[in-house]
Amino acid sequence: MMFRRNLIARSAAVALAGLLALPAMAQTLKAADVHPAGYPTVAAVESMGKKLEAATQGRIKFQMFPGSVLGGEKEMIEQTQVGAIQILRTSLGPVGPVVPEVNVFNMPFVFRNIAHMRAVIDGPIGQDLLDKISASPAKMIGLAWMDGGSRSLYTKKPVRKPEDLKGQKIRMMGNPLFVDTMNAMGGNGIAMGYGEVFTAIQTGVIDGAENNPPSLFTANHFKAGAKYYTQTNHLIIPEILVMSKVTWDKLSAADQALVKKTAREAQLEQRQLWDKAVADYTAKLKAEGVEFIEMDNKPFYDATAPVRAKYGANFADLMKRISDVK
Ligand code: GTR
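What you see is a predicted model; the values in this text were computed from it and never measured. (Residues numbered from 1 in each chain as written. Predicted model: local features only at pLDDT ≥ 70, side-chain atom pairs only at ≥ 80, totals over all residues. Heavy atoms only, no water.)

A. Structural view of the sheet that holds strand β10 (residues 239-244). Pairing in this open sheet of five strands is mixed, and the strands run β2-β1-β3-β10-β4 from one edge to the other. Two strands in the sheet have a free side with no partner beyond their single neighbour: β2 (60-65) and β4 (140-146). For this sheet the average axis-to-axis angle between neighbouring strands, irrespective of direction, equals 25 degrees. Summarising the sheet, strand β3 (residues 87-91) and β10 pair through five bridges and their orientation is antiparallel. The residue bridging Leu-88 from the neighbouring strand is Val-242, located in β10. Contacts between helix α5 (residues 124-135) and the sheet are confined to β4 and β10, with β4 contributing the most and set at about 150 degrees to the helix. Relative to β4, helix α10 (residues 253-287) is tilted by about 25 degrees, and along the sheet it contacts β2, β4 and β10. (Pairing = 2+ DSSP bridges. Helix = DSSP H or I, 4+ residues; strand = E, 2+ residues; numbered from the N terminus. Axes fitted to C-alpha atoms, helices over the stretch in contact; angles between N-to-C directions. Contact = heavy atoms within 4.5 Å.)

What follows is the structure, encoded as C-alpha cells:
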C-alpha cells in the first residue's frame, strides 16, 4: 500500500516536472480593425504580428480580422475588454466613453495641426495617456498610437460656413463629445456606427458625415452621395492600439516587452504608410469627382469654443501642456 502510494506520488512528480519542462503553450492573438485589408493600420498591425511570430518561433501566432468582421468599434472595444479580441486598433473616439481621461485628445481643434498632434503623442503626454488607459478599470493596455490624420466634413450639399450646416444631420462617432461638437458647428450630430453610414447617407437618414480621406474613399461614402468634402479639419484624433488586459496578464514579462516593442515599431511604420495613403486617396477622391472645398475654418473653431470649455474644464492643465508643445 505504502509502496503504491509512493509510486503514485513519484509518477505525479515526474509528470509535473515534464509539464514544467514543456515550452509555454502556443497561443493565437486575434487582432481586429474596422478597416479593410491593405489599409495602413491593418498593414502595420499585420507586420507587428509577423515580428511576434518570428521572435517567438511561432509560439505566439497572430490572426488579423479586418473590415469590421468582428463588429463595429464599440462592440470590438467590449470584446477586447473581456478578452475575446486580444489586439484592437481603434479610433480614440469611442474609447472616450470607457476611459474618460482620453477625451482630451478627442476635443475639436485641440491640436493645431498633424505635426503638433504627432509631437504630442510621441512625447510624455502621449505616454501618460497610454498609461492612463492601462491603469484604468477598462481592462485594456495602451500599446501605441496610430495616425488618423484629420477629419473634415463630407455632405451632399456644399458647406462653407457653420450656417450652411443648419438642419443637416451629420453622423458622428459614438461619444457625446462629438455630438456636441457637431451641434456647435451648426449641424445636428447623430451618433452612429461606421458600418451604418453608407446606407444612412444613401437613404437620406443622414446628410453627411466627417472623416479623413482614406476612410472616405475606402468606405465608399462618396458613392452614397456625399460628394462635397469641406476642409474643416475639426478633429485630429489619434488612433490607438490596445491589448486586452485579460491577455496581457497571462503573458510573461519578456513577451509583454516584445509586444510593446513591436507595437511601437508598428506605430512608426503606420505613419509612413499613412502619409502615402492620404496623398493617394485624396487624388483618387478627386478623380472620382469629389469636390474638395477649401475655406477658412476659423468660424468652426470659434463655434466650438463652448465644447472645449465644457469638456476641457476636466483637463485644464493638460490642455495647457498640449498647447505648449511646439
Ligand atoms: C476612421 C477611423 C476608424 C473609425 C472611423 C469612424 O477614421 O480610422 O477607427 O473610427 O473613422 O468614423 O467610425
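Now that the structure has been shown, we can carry on.
B. Representation of the pairing of β2 within the structure. Pairing between strand β1 (residues 27-32) and β2: six bridges, direction parallel. The partner of Leu-29 across the bridge, within β2, is Phe-62. Tracing the backbone out of β1, into helix α2 (residues 40-55) and back to the parallel element β2 gives a crossover that is right-handed. (Right-handed = clockwise from strand over helix to strand, strands pointing away.)

C. Molecular detail of the site of the ligand. Inspection of the region around the ligand gives 13 residues, with His-35, Glu-73, Arg-171, Asn-211 and Glu-239 positioned closest. Separating an oxygen atom of the ligand from a side-chain N or O atom of Arg-151 is a distance of 2.8 Å. Between the ligand and Ser-215, the relevant distance is 3.1 Å, taken from an oxygen atom to a side-chain nitrogen or oxygen of the residue. In this structure, the ligand is accommodated by the largest pocket. Residues that form the shell around the ligand fall into these classes: three nonpolar, five polar and five charged. Looking at the shell around the ligand, you find at least three residues from each of domain 1 (24-148 + 238-280) and domain 2 (150-236 + 284-324). (Near = heavy atom within 4 Å. Polar contact = N/O pair within 3.5 Å; in protein donor to acceptor, adjacent residues only side chain to side chain. 1 Å grid on protein atoms, 1.4 Å probe; cavity = no way out; pocket = protein on both sides within 12 Å on 5 of 7 lines; lining within 4 Å. Sits in = over half its atoms within 2 Å of the grid points. Nonpolar A, V, L, I, M, F, W, Y, C, P; charged D, E, K, R; others polar. Domains from an automatic or database assignment.)

D. Local environment of the side chain of Asp-33. One can find Asp-33 in the loop between β1 and α2. Beyond its immediate stretch of four places on either side in the chain, Asp-33 contacts Thr-41, Val-42, Phe-65, Pro-66, Gly-67, Ser-68, Met-76 and Arg-89.

E. Looking closely at empty space enclosed by the protein. All told, the structure shown has one cavity of 30 Å³ or more when counted by the stated rule. Computed from the structure, the largest cavity encloses a volume of approximately 30 Å³. Every residue along the wall of the largest cavity is listed here: Ser-91, Gly-148, Arg-151, Asn-211, Asn-212, Ile-237 and Glu-239. For the lining of the largest cavity, a count of residues per class yields one nonpolar, four polar and two charged. Counting only domains with at least three residues in the lining of the largest cavity, you end up with domain 1 (24-148 + 238-280) and domain 2 (150-236 + 284-324). (Points joined across faces, edges and corners; volume = space filled by probe spheres on them.)

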